Amino acid sequence: MILELDCGNSFIKWRVLHPDGVTPLEGGVVGSDNDLLASLNNADKFQLKKCRLVSVRTPEETDSLITSLVDAFGVSVSRAVPVREMAGVRNGYDDYERLGLDRWLALLGGFHLAAGACLVLDFGTAITADFVAADGEHLGGFICPGMPLMRNQLRTHTRRIRYDDMAAERAHESLAPGRSTVEAVERGCMLMLRGFVLTQLELATEYWGGDFVVFLTGGDANLVSGVVPDARVVPDLVFVGLAMACPLS
Ligand SMILES: Nc1ncnc2c1ncn2[C@@H]1O[C@H](COP(=O)(O)OP(=O)(O)OP(=O)(O)O)[C@@H](O)[C@H]1O
Ligand SMILES: CC(C)(CO)[C@@H](O)C(=O)NCCC(=O)O
Ligand SMILES: [K+]
């Protein structure tokens, strides 16, 4: 079976595919290398042969995870690396190696699924937007703090913004002006998120009229799916691109 990993800044997303290389059998989200190894160890039923992974962590962190996986499961590991061009898409960064590999894979996956112009919005620790034209030219994108970073910056840098995460969830039941700190912060950040999304849509419309597909991915994609009813919510978009970048022979 095939292990797929998306190593982000806060979490590792994992899934195991059937040997057919297509059917997902099981997956999860974990906070550390050790938790990942534990999840995979619990599942003795996986006979892992191969692993493909993408990481936006430091090379040292990624190497150390790969060593652990090889030691624990004897898998052969294929790792996504930066390229200028692939599958009809041309990396738009001046220095293509600087484009986050998760972004690159998500936009590869998006262009493949759209078979045309697309806007890829990823809501993780950071929020990213990437624009790919119908001819496969990546026009570049935007990076801003995600929901967890926005709220934690407020909590860290102000003395009187304090609340617990349980209350945060309830605050999202409405977007009316907040009548408590938790409501004011949570709804304020949510409106920033939505404003960001709407601005990206405006820009895409300026470029391509109505002829583009919007993809929403990342852990917080559901927070904005309401503002883009036509968007395709594809939680595993990075994995779509990963399979393209790391075909397993
Ligand atoms: N058990 C879980 N533990 C943590 N997060 C979970 C869990 N189950 C689902 N999630 C969701 O998965 C998301 C993690 O995926 P996300 O795309 O945010 O990755 P990330 O590592 O934080 O960010 P990035 O990949 O952009 O660096 C969390 O925001 C959370 O909503
Ligand atoms: C922006 C993040 C953190 C999103 O996960 C990642 O893609 C990354 O570390 N990128 C490198 C910087 C860049 O893409 O310009
Ligand atoms: K991500």
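Being a predicted model, the structure only gives us computed values, none of them experimental. (Residues numbered from 1 in each chain as written. Chains lettered and ligands numbered in written order. Predicted model: local features only at pLDDT ≥ 70, side-chain atom pairs only at ≥ 80, totals over all residues. Heavy atoms only, no water.)

**What about the UniProt feature "binding site: K(+)" (unreviewed entry) in the protein chain?**
Inference 1: When the UniProt feature table is mapped onto this chain, "binding site: K(+)" (unreviewed entry) is found at D122.
Inference 2: With respect to the helices, strands and loops of the structure, D122 is situated in strand β8 (residues 118–123).
Inference 3: Ignoring any residue separated from it by four or fewer positions in sequence, one finds D122 in contact with I127, T128, T217, G218 and V238. (UniProt positions renumbered as here; feature names shortened; annotations may be inferred. Helix = DSSP H or I, 4+ residues; strand = E, 2+ residues; numbered from the N terminus. Contact = heavy atoms within 4.5 Å.)

**Thoughts on the site of ligand 1**
Inference 1: Residues in contact with ligand 1, as listed here, are G8, N9, S10, F11, K13, V29, F123, G124, T125, G218 and G219.
Inference 2: Note that an oxygen atom of ligand 1 is positioned 3.2 Å from one of the backbone N or O atoms of S10.
Inference 3: Interatomic distance of 2.7 Å between a side-chain N/O atom of T125 and an oxygen atom of ligand 1.
Inference 4: When ligand 1 sits alone it has 620 Å² of accessible area, and the protein chains cover 68% of it.
Inference 5: Most atoms of ligand 1, that is more than half of them, are within 2 Å of grid points of the largest pocket.
Inference 6: Of the residues contributing to the shell around ligand 1, the split by class is three nonpolar, seven polar and one charged.
Inference 7: If you count residues domain by domain, the shell around ligand 1 takes at least three from each of domain 1 (2–79) and domain 2 (85–146 + 187–244). (Near = heavy atom within 4 Å. Polar contact = N/O pair within 3.5 Å; in protein donor to acceptor, adjacent residues only side chain to side chain. Areas by Shrake-Rupley, 256 points an atom, 1.4 Å probe, with all protein chains shown as cover. 1 Å grid on protein atoms, 1.4 Å probe; cavity = no way out; pocket = protein on both sides within 12 Å on 5 of 7 lines; lining within 4 Å. Sits in = over half its atoms within 2 Å of the grid points. Nonpolar A, V, L, I, M, F, W, Y, C, P; charged D, E, K, R; others polar. Domains from an automatic or database assignment.)

**Some words on the sheet that holds strand β3 (residues 24–30)**
Inference 1: If you trace the five strands from one edge of the open sheet to the other, you get β3-β2-β1-β4-β5, paired in mixed fashion. Two strands in the sheet have a free side with no partner beyond their single neighbour: β3 and β5 (76–79). In this sheet, neighbouring strand axes are inclined to one another by 15° on average, regardless of whether the strands run parallel or antiparallel.
Inference 2: Pairing between strand β1 (residues 2–7) and strand β2 (residues 12–17): six bridges, direction antiparallel. Each residue of the ladder has a partner; that of C7, found in β2, is I12.
Inference 3: With respect to the sheet, helix α2 (residues 59–73) is in contact with β1, β2, β4 (50–55) and β5, its orientation differing from that of β5 by roughly 155°. (Pairing = 2+ DSSP bridges. Axes fitted to C-alpha atoms, helices over the stretch in contact; angles between N-to-C directions.)

**Observations concerning the domain arrangement of the protein chain**
Inference 1: With domains assigned, the protein chain is organised as domain 1 (2–79) and domain 2 (85–146 + 187–244).
Inference 2: Interface of domain 1 and domain 2: buried area, both sides summed, is about 880 Å²; carbon and sulfur atoms make up 67% of it.
Inference 3: By the criterion of area lost to domain 2, the three top residues of domain 1 are R15, R52 and V54, representing 46% of everything that side buries.
Inference 4: Summed over the shared surface of domain 1 and domain 2, the result is one salt bridge.
Inference 5: The residue D236 makes a salt bridge to R15 at a minimum N-O spacing of 3.0 Å.
Inference 6: Between domain 1 and domain 2 we count two residue pairs in polar contact (both at pLDDT 80 or more) in total. (Buried area = accessible area lost by both parts, 1.4 Å probe. Salt bridge = Lys/Arg side-chain N within 4 Å of Asp/Glu carboxyl O.)

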